[in-house]
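Here is how the chains run, residue by residue.
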Amino acid sequence: MRRLFPVTDETPAAATEGAGEWSLDALADAYAYPADADVWLRANMVSTLDGAAQHDGRSQPISSDTDMRIFGTLRALADVIVVGAETVRLEGYRPARAREAFAERRKAAGQSPVPVIAVVSASLDLDFSLPLFTEPLVPTLVLTGATAPPERVRAARAAGARVLVAGDGARVEMDKAVRALADQGLKRQLTEGGPRLLAQFVGDGVLDELCLTLSPMLTAGRAQRIADGPGLEVPDRFALASILEEAGFLFTQYRRK
């Protein structure tokens, strides 16, 4: 893998000459959260050249081994992984697992051994018998609105999940969700979507960073984009922070200007 941007006089030659696979430590350094941020929400998504976020309903077919290594690194750096209920249902989400390669880094940063999983759901229409709720190393969080069905709130708590209210009505308000997580000490935040959830973060103006993998593939068809929801009245402009390249895949970072 090689770095295409930014390249400075201090960039090691190996980073620009495609000197093979980067170590996990090098990836962790490249994707470190800003040290001066009170709370930071980043998203990690993959898209084909023609804008598809999925193929046959899943992102894996348009991904790569390096993309998955970066995916794992981003997870290992986060305090919390925020995911939509539909993604939990479709992809059989499981608890995050501890990784020895990042154990010392997490300990030095004052983090738990694994990131917390936080599920966003207004209806709480979730299967609370899944391992995500019954077998996590740290309790799974559920973000919902103030008018969530009381019986579903009780079911979530009975399964061992912690319920956080982040909205005055039925809808989860993304600014309140970000703050509710930060108030739990979970300030390095990562969302993996799906596309509907990312659209909510974009629509509410709380996304700080997008880590977007551009896959050198074309799929055509009518697959979802990485953000699938109501459009913004005025497009939100982000600034390019980094580009890495491997086998035609571009691994980009964009941050709010």
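Structural notes, computed from the coordinates. Since this is a predicted model, take the numbers as computed values, not measurements. (Residues numbered from 1 in each chain as written. Predicted model: local features only at pLDDT ≥ 70, side-chain atom pairs only at ≥ 80, totals over all residues. Heavy atoms only, no water.)

**Quick notes on the overall build of the protein chain**
This is how it is decided: A run of H or I in DSSP counts as a helix once it spans at least four residues, and a run of E counts as a strand once it spans at least two, with each numbered from the N terminus. Note that the radius of gyration is over C-alpha atoms, with the globule rule given as 2.2 Å times the number of residues to the power 0.38. Throughout this description, buried means an accessible area under 20% of the type-specific maximum (1.4 Å probe, protein chains only), exposed means over 50%, and partly exposed covers the range between. Whether two residues are in contact is decided by their heavy atoms, any of which lying within 4.5 Å being enough. Neither His nor the chain ends is counted toward charge; the positive residues are Lys and Arg and the negative residues Asp and Glu. For charged residues, the charge sits on one atom: NZ in Lys, CZ in Arg, CG in Asp, CD in Glu.
Along the backbone of the protein chain there are nine helices and ten strands. Its C-alpha radius of gyration of 18 Å places the protein chain within 12% of the 18 Å reference for a compact globule of 257 residues. Here the C-alpha coordinates of the protein chain stretch approximately 60 × 45 × 30 Å along the principal axes. Taken over 257 residues, the protein chain has a buried fraction of 47%. Within the protein chain, counting contacts between residues at least 6 apart in sequence, those at least 24 apart form 69% of the total. Of the charged side chains in the protein chain, 29 are positive and 34 negative, and the gap between their average positions amounts to 3 Å.

**Side note on the pattern of salt bridges**
When their charged atoms lie close together, side chains carrying opposite charge are able to pair. The condition is simple: A pair is scored as a salt bridge if a Lys or Arg side-chain nitrogen falls within 4 Å of a carboxyl oxygen belonging to Asp or Glu.
Enumeration according to the criterion identifies 17 salt bridges in this entry. In this structure, Asp 29 engages Arg 105 in a salt bridge whose closest nitrogen and oxygen atoms are separated by 3.2 Å. One end of the pair, Asp 29, is in helix H2 (residues 24–30); the other, Arg 105, is in helix H5 (residues 103–108), and 76 residues separate them in sequence. As a salt-bridge pair, Asp 79 and Arg 188 come within 3.2 Å of each other at their nearest N and O atoms.

**Digging into helix H3 (residues 65–77)**
Basically, it comes down to this: The span you would expect from a helix comes to 1.5 Å times its residue count less one.
Helix length check: H3 (13 residues) gives 19 Å between terminal C-alpha atoms against 18 Å at 1.5 Å per residue, within 8%. Looking only at H3, the buried set comprises Thr 66, Asp 67, Ile 70, Gly 72, Thr 73, Leu 74, Arg 75, Ala 76 and Leu 77.

**Concerning the nonpolar core**
What counts is decided by this rule: Nonpolar core, defined: a set of buried Ala, Val, Leu, Ile, Met, Phe, Trp, Tyr and Cys residues in which side-chain atoms within 4.5 Å join the residues together.
Tyr 31, Val 82, Val 119, Phe 133, Leu 143, Leu 181 and Phe 201 are the most contacted members of the largest nonpolar core, which totals 72 residues. The dominant element in this core, judged by the number of residues it contributes, is helix H8 (residues 174–183), at six residues.

**A look at the packing of aromatic side chains**
This is how it is decided: To pair, rings of Phe, Tyr and Trp, with the six-membered ring standing in for Trp, must have centres within 6.5 Å; the planes then decide the type, stacked if under 30 degrees apart, edge-to-face if over 60, and tilted in the middle.
Per the counting criterion, the structure on display carries two aromatic pairs. Plain terms: the ring middles of Phe 128 and Phe 133 are 4.9 Å apart, the flat faces sit at 70 degrees to each other, and that makes the pair edge-to-face. With respect to class, Phe 128 is no different from Phe 133; both count as buried. When the centroid spacing of 6.3 Å and the interplanar angle of 10 degrees are considered together, the rings of Phe 249 and Phe 251 count as stacked.

**Points about the environment of Thr 87**
Residue placement: Thr 87 occurs in helix H4 (residues 85–91). Judged by its relative accessible area of 11%, Thr 87 falls in the buried class. Not counting the four nearest positions on each side in its chain, Thr 87 is found in contact with Gly 92, Tyr 93, Gly 193 and Gly 194.

**Let's talk about the pairing of strand S5 (residues 141–144)**
Heads up, the condition is: Pairing between two strands requires that DSSP report at least two bridges joining them. With the strands aimed away from the viewer, a crossover counts as right-handed if its path from the first strand over the helix to the second runs clockwise.
Here S5 shows two buried faces, one formed by Leu 141 and Leu 143 and the other by Val 142 and Thr 144. Two elements, strand S4 (residues 116–120) and S5, share three bridges in a ladder whose sense is parallel. Bridge pairing in S5 places Ala 118 opposite Leu 141. Pairing of S5 with strand S6 (residues 162–165) involves four bridges; the strand directions are parallel. Paired with Thr 144 across the two strands is Val 165, which belongs to S6. Regarding topology, helix H7 (residues 150–158) serves as the crossover connection from S5 to the parallel S6, and that connection is right-handed.

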